[in-house]
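Given next are the chains, with one letter for each unit.
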Amino acid sequence: MGQTPNSTENIDKTPASAASKKPNQSKLFVPEPPFRPGDTPDYSHISVPSNHTPVRPDPLCDAHDTVEHALKLIRVLRFNGENAGPWKTDLSLEKKLEALEIMMRTRAMDERMFTMQRQGKMSFYMKSTGEEAVSVGHALALRDDDMTFPTYRQQGILIARGASMKEMMCQVLSNSGDPLDGKSIPVLYSFKKHGFFSISGNLGTQLIQGVGWAMAEAYKNTDGIASVFTGEGATAEGDFHYALNFASTYRAPCIINVVNNQWAISSFQGIAAGRGETFAARGTGYGLATLRVDGNDILAVYAATQWAAERARGGGGATVIEHYTYRAEGHSTSDDPSKYRAENEGDVWPFGDPIQRLKTHLIYMGAWDDERHAALAETLKKEVRETFKEAEAMGSVANSTQLPDSTMFEQVYETEPSHLREQRQMFNEELG
Ligand SMILES: Cc1ncc(C[n+]2csc(CCOP(=O)(O)OP(=O)(O)O)c2C)c(N)n1
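Reading guide: rules and limits
- Residues numbered from 1 in each chain as written.
- Predicted model: local features only at pLDDT ≥ 70, side-chain atom pairs only at ≥ 80, totals over all residues.
- Heavy atoms only, no water.
- Helix = DSSP H or I, 4+ residues; strand = E, 2+ residues; numbered from the N terminus.
- Expected span 1.5 Å × (residues − 1).
- Buried < 20%, exposed > 50% of the residue type's maximum accessible area, 1.4 Å probe, protein only.
- Contact = heavy atoms within 4.5 Å.
- Core = buried A, V, L, I, M, F, W, Y, C linked by side-chain atoms within 4.5 Å.
- Axes fitted to C-alpha atoms, helices over the stretch in contact; angles between N-to-C directions.
- Parallel < 35°, antiparallel > 145°, perpendicular 65-115°, else oblique.
- Left-handed = near helix turned anticlockwise from the far one by under 90°.
- Nonpolar A, V, L, I, M, F, W, Y, C, P; charged D, E, K, R; others polar.
- Phe/Tyr/Trp six-rings, centres within 6.5 Å; stacked < 30°, edge-to-face > 60°.
- Arc of directions from axis to C-beta.
- Pairing = 2+ DSSP bridges.
- Right-handed = clockwise from strand over helix to strand, strands pointing away.

**Examining helix 5 (residues 205-219)**
For helix 5, which comprises 15 residues, the first-to-last C-alpha distance of 22 Å matches the rise-based estimate of 21 Å (1.5 Å per residue) to within 8%. Among all positions of helix 5, only Thr205, Gln206, Leu207, Gly210, Val211, Ala214 and Glu217 are buried. Tucked inside the fold, the buried residues of helix 5 contact strand 1 (147-149), strand 2 (226-231), helix 6 (238-249) and strand 3 (254-260). The first or second residue beyond helix 5 is Asn221, which carries a positive phi of 60°.

**Quick notes on unusual backbone geometry**
Here the phi dihedral of Asp181 falls at roughly 50°; this positive angle occurs in a residue that is not glycine. Structurally, the position occupied by Asp181 is in the loop between helix 4 (165-173) and helix 5. Positioned with a positive phi, Ile265 is a non-glycine residue whose angle comes to about 50°. Summarising the element assignment, Ile265 is placed in the loop between strand 4 (263-264) and strand 5 (267-268).

**Regarding the nonpolar core**
Core analysis: the largest hydrophobic core is formed by 71 residues, its most contacted members being Met109, Met113, Met168, Met169, Tyr189 and Ile298. The biggest single contributor to this core is helix 9 (residues 298-313), with 11 residues. Contact partners of Met168, with chain neighbours within four places excluded, come to Met109, Gln155, Leu158, Ile159, Ala163, Tyr189 and Phe191.

**Here's the deal with the packing of helix 1 (residues 93-118) against helix 11 (residues 354-364)**
Close contact between helix 1 and helix 11 brings their axes to 10 Å; oriented N to C, the two are set at 150°. Taken together, the axes of helix 1 and helix 11 are roughly antiparallel relative to one another. Crossing angle aside, the handedness with which helix 1 passes helix 11 is left-handed. Each of Leu93, Lys96, Leu97, Ala99, Leu100, Met103, Met104 and Arg107 in helix 1 lies in contact with helix 11, whose residues at this interface are Pro354, Ile355, Leu358, Lys359, His361 and Leu362.

**What to know about the packing of helix 4 against helix 12 (residues 370-392)**
Helix 12 packs onto helix 4 with a crossing angle of 55° between their chain directions and a minimal axis gap of 9 Å. As judged from the angle between their axes, helix 4 and helix 12 are oblique. Like other packed secondary-structure pairs, helix 4 and helix 12 cross with a definite hand, here right-handed. Along its contact with helix 4, which presents Met165, Lys166, Met169, Cys170 and Leu173, the element helix 12 presents Glu383, Val384, Thr387, Phe388, Glu390, Ala391 and Glu392. Residues belonging to the contact of helix 4 with helix 12 are distributed by class as follows: seven nonpolar, one polar and four charged.

**A few points about the packing of aromatic side chains**
All chains considered together, the criterion is met by 13 aromatic pairs. Measuring from centroid to centroid gives 5.4 Å for Phe35 and Tyr43, while their planes differ by 90°, and the two rings are edge-to-face. Tyr43 shares its class with Phe35; the two are buried. Geometrically, the ring pair formed by Phe149 and Trp213 is edge-to-face, given 5.8 Å between the ring centres and 65° between the ring planes. Highlighted residues: Phe149 in strand 1 and Trp213 in helix 5, separated in sequence by 64 residues.

**So, helix 6**
Compared with an ideal rise of 1.5 Å per residue, which puts 12 residues at 16 Å, helix 6 spans 17 Å between its outermost C-alpha atoms and is within 8% of the ideal. Residues of helix 6 that are buried include every one of Asp239, Phe240, Ala243, Leu244 and Ala247, and no others. The buried residues of helix 6 all sit within an arc of 135° when viewed along its axis, so they share a single face. Packing partners of the buried residues in helix 6 comprise helix 5, strand 2, strand 3, helix 8 (281-285) and strand 7 (319-324). Of the residues one or two after helix 6, Arg251 is the one with positive phi, at around 45°.

**Describing the pairing of strand 7**
Summarising burial for strand 7: six of the six residues are buried, a large majority. On strand 7, burial covers both faces: Thr319, Ile321 and His323 on one face and Val320, Glu322 and Tyr324 on the other are all buried. Where strand 3 lies against strand 7, six bridges are found, and the strand directions are parallel. Residue pairing in the sheet places Val259 in a bridge with His323 of strand 7. Summarising the sheet, strand 6 (residues 289-294) and strand 7 pair through six bridges and their orientation is parallel. By the bridge assignment, Ala289 is partnered in strand 7 with Thr319. After leaving strand 6, the chain enters helix 9 and then returns to the sheet as strand 7, a path that is right-handed.

So this is what it looks like as structure tokens:
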């Protein structure tokens, strides 16, 4: 085969003979990541395709026409900055500059919030560093009224849809400006007005909910679609399989995005993948269209999303997209990745950094330069710092949240039942 599948890094190469001492004696096989702390990571086993990106079929093609797309990798941005191949996008220069700014704004916010968590202003935070192209590229290719069912690592969708950063920060600070009244832990946002479904701490639950939403859109004969996200780790949840089954059976107009960032906290992707297959390939078995895309290439993410959205809106049903990327930083502020993976893995990740990749492209086009880039980074840093100050003035865990405690009794039911009313009254008498 002239075109090597790019999934070889997923494939365990332990010979079957090495796995058993005697014939017929089974041995439990526990997959191990390629590198551990102290190792020098070397990703030369990952093939980085340049000129053998799979063709772009008609979005209403038979799902079987995308079987090879689940094993290869759609890429558009070349490392020299060129925009090339069959998935080359027609995104305007203006939109590309906007995409760069949104990714940079997302990163600037993540940086600030991480630091502020370290200073005790809030209890918890999760960054999306290295994965900004997935959420931003995806959001830019959807309609703003398409419903998204994110995980806790797609804050880029909110930034792309123009959500108020101050409101997001207030949610993280659980203060009087928190649209969720301090009821949810930091970063589990809910923004109905931006088509951003309430994030739940229970992994995978949004998968079936998103497919159900899409089924409702189809039932109502609208042309709205749903886009649902999961990390690769959470594909091991049963909900992932229920979602694919329902999406396939009822041809639900949705996009099922698997963000394969290689790690689920300290578990490497092989623990959720089993042996040998890509995550996109799971869709094939359910008869779904499948695409596997370079998740650090925002133009590729955009092109794949556009394709899947057109398929869903045109009655072709769901597409599974695996976004192949790398979680550049810790899982959360409660995590220390140096305990389980090689220190500089992210630096040598062969697909680079999504912001850097788009920057290189814009410079290649003669539309950008290092000075403008540095100036924009500085402006965004300042904007984020000032927005945080405004948000913090509305309270923080370090100070007072300025949020009445009795809000905890609200919104449990649509109308307050008598036992909650009694509890609220007791609470107010004793503590309020
Ligand atoms: C049902 C359930 N099981 C376990 C957890 C604890 N947990 C939170 S995040 C996480 C890892 C998820 O990894 P992945 O799906 O790869 O997403 P990533 O964090 O890499 O974006 C785990 C195990 C949980 N929140 N819910």
